[in-house]
Amino acid sequence: MSVPAIIKIIDLHKSFGNLEVLKGIDVTLGESELVFILGPSGSGKSTLLRCCNRLEQAQRGQILFDGTDILKPDTEINAIRQQIGMVFQSFNLYPHLSVLGNICLALRKVKKFSKKQAREIAFHQLERVGLVDKSDNFPSELSGGQQQRVAIARALALDPKVMLFDEPTSALDPELVGDVLGVMKDLKNSGMTMLVVSHEMRFARSAADRIIFMDGGNIVEEGPPEQMFDNPQHQRTRSFLQQVGY
Amino acid sequence: MDQIIDQFFNFKIMLEAWPIMWRGLMMTLLICAAVIPLGLIGGLLVALAGTSSTTWFRWLVIVYIDLFRAIPPLVLLILIYSGLPFAGIRLSPFTAVCLAFFLNNSAYFGEVYRAGIESIGEGQSEAARSTGLTQIQTMAYVVLPQAVRNVLPDLISNTIEVVKLTSLASVVALPELLYSSDMARSLTYNASPIVMAALLYLIILLPAVRALTRFEQKLAAQ
Ligand SMILES: Nc1ncnc2c1ncn2[C@@H]1O[C@H](COP(=O)(O)OP(=O)(O)O)[C@@H](O)[C@H]1O
Ligand SMILES: [Mg+2]
């Protein structure tokens with residue numbers, strides 16, 4: 001693929017104490033690409049995502065974001081982080097702030113927008129996720145699906161170049177999953193670059209450009225969805241897909 | 001019966017003692033106005049120091065908290081006021097009280113804030129950091145507001161304790177409420193001023209205690 005790379009992960013190693021969790025990962029994420037990461041629990045998917053905005057500090061390797069190695073200690077990480085949106089399994093909305101307050105906080109304190117500008121951006125993003133009427137509500141007054149959409153709006157408000165999703169629908173009741181996936185699909189269609197960890201296989205098949213299968217801290221295989229689902233090359237991929245009933 | 005009233009609830013004596021008592025009350029309020037903010041702010045600093053990523057520094061903070069929570073505040077005060085002069089450091093009674101209360105209160109309040117900060121899940125600061133907020137901004141806008149709300153009852157009840165403890169200042173002859181009432185007692189040969197002091201403490205603290213109880217009930221109901 002010849003689209004310019006937004007994120008290029010090169011030979012990434014990460015250990016927690018003696019436990020090596022990432023054993024040399026290489027991933028290239030091109031502009032407007034949606035790459036899906038599959039793999040059994042504990043295979044290092046979350047850790048890989050969290051290294052991409054340095055919530056975890058990798059020990060070896062490189063992560064180039066727009067050409068800058070974000071793992072270098074002298075990289076201005078807070079400047080990078082605004083450009084890398086992250087969505088968590090447990091939403092992590094700020095419970096003491098309203099929906100609007102959640103979205104405006106970084107706009108005001110990081111991007112230094114005026115109150116009026118921040119509100120405008122926030123409303124625009126809420127429109128995008130279909131929750132304008134909830135702007136004054138507190139997170140505890142929203143359903144899980146609504147909370148996750150607010151979390152997505154919060155990340156999008158900073159106008160990131162790439163979005164990381166770590167199991168965004170795993171904590172949701174089944175009937176609420178569709179709304180969140182719908183927002184993600186819209187996002188994909190608008191050209192956002194996305195790295196997604198999720199077990200939503202049908203979504204992966206329909207929306208992903210590429211699927212990466214991880215196991216035990218390694219990338220076992222990767223390829224377009226048709227190949228990965230219909231004709232996986234590795235036994236471990238096959239047995240994983242079988243286990244999750246696909 | 002008359003004798004009890006005469007000795008403990010003697011209105012005439014109380015009236016006579018009022019000017020001294022009033023000055024004592026003002027001094028108590030002045031001490032409160034100094035040591036409560038000192039404790040609240042000092043405690044916050046201690047708790048923030050406790051979140052440092054440097055291990056030995058965190059240990060130092062733990063030692064500080066444990067030490068000044070373990071040492072009786074009266075002993076600490078006398079040590080500072082009467083002990084330090086032997087090292088050539090002579091503090092005024094008011095300064096000595098402020099210093100002793102600062103050491104004691106910052107440890108107690110620090111422990112309360114620490115528990116509050118720990119009650120906030122890691123996910124909150126991760127979400128904040130992922131949007132580019134600095135560590136300090138994350139603490140100020142995301143973690144602390146929630147942490148303080150979670151431990152507000154403890155902060156209030158600690159503050160009530162501090163108000164009561166200001167009576168310790170009488171041992172370094174700082175003319176606060178208790179000291180003044182005891183002075184009035186020795187001048188009038190009557191216990192009524194002490195009763196009066198007790199009543200004044202009650203007037204200050206009963207509403208606070210009541211409000212705290214109601215606040216706690218409200219939290220429990222949520
Ligand atoms: N903070 C941590 N400290 C120690 N071990 C961790 C930590 N985070 C993750 N791990 C370990 O790293 C491995 C990979 O975890 P993770 O990246 O969460 O996997 P996945 O998201 O694929 O389920 C697991 O064995 C997990 O126990
Ligand atoms: Mg995970």
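For the structure itself, look to the data block above.
For the structure given in this document, a descriptive report is provided here.

Rules used in this analysis
Residues numbered from 1 in each chain as written. Chains lettered and ligands numbered in written order. Predicted model: local features only at pLDDT ≥ 70, side-chain atom pairs only at ≥ 80, totals over all residues. Heavy atoms only, no water. Near = heavy atom within 4 Å. Polar contact = N/O pair within 3.5 Å; in protein donor to acceptor, adjacent residues only side chain to side chain. Areas by Shrake-Rupley, 256 points an atom, 1.4 Å probe, with all protein chains shown as cover. Helix = DSSP H or I, 4+ residues; strand = E, 2+ residues; numbered from the N terminus. Nonpolar A, V, L, I, M, F, W, Y, C, P; charged D, E, K, R; others polar. Contact = heavy atoms within 4.5 Å. Buried area = accessible area lost by both parts, 1.4 Å probe. Axes fitted to C-alpha atoms, helices over the stretch in contact; angles between N-to-C directions. Parallel < 35°, antiparallel > 145°, perpendicular 65-115°, else oblique. Left-handed = near helix turned anticlockwise from the far one by under 90°.

1. A closer look at the site of ligand 1
Residues and elements named next belong to chain A. Close to ligand 1 lie Phe16, Leu19, Val21, Pro40, Ser41, Gly42, Ser43, Gly44, Lys45, Ser46 and Thr47, which account for all nearby residues. The separation between an oxygen atom of ligand 1 and a polar main-chain atom of Gly44 is 3.0 Å. Between an oxygen atom of ligand 1 and a side-chain N or O atom of Thr47, the distance comes to 2.5 Å. Here ligand 1, which alone exposes 560 Å², has 59% of that area covered by the protein. Put simply, the parts of the chain that give the shell around ligand 1 at least two residues each are strand S2 (19-30) and helix H1 (45-51). Looking at the shell around ligand 1, the element that brings in the most residues is H1, giving three residues. Broken down by class, the residue content of the shell around ligand 1 amounts to four nonpolar, six polar and one charged.

2. Describing the interface of chain B and chain A
Every contact between the two is made by 17 residues of chain B and, on the other side, 21 residues of chain A. Together chain B and chain A conceal approximately 1,600 Å² of surface at their shared face, both sides included; 56% is due to carbon and sulfur atoms. Joining chain B to chain A, the criterion identifies seven residue pairs in polar contact (both at pLDDT 80 or more). When residues in the side of chain B that touches chain A are grouped by element, the largest group, seven residues, is from helix H6 (residues 122-130) of chain B.

3. Thoughts on the packing of helix H5 (residues 144-156) of chain A against helix H6 (residues 174-189) of chain A
Residue and element names in this part refer to chain A. H6 packs onto H5 with a crossing angle of 20° between their chain directions and a minimal axis gap of 8 Å. Between H5 and H6, the angle falls in the class roughly parallel. Considering how the two elements wind past one another, H5 and H6 form a crossing that is right-handed. Between H5 and H6, the contacting residues are Gly144, Gly145, Gln148, Arg149, Ile152 and Leu156 on the first element and Leu176, Asp179, Val180, Val183, Met184 and Leu187 on the second. A breakdown of the residues in the contact of H5 with H6 according to their chemical character gives seven nonpolar, three polar and two charged.

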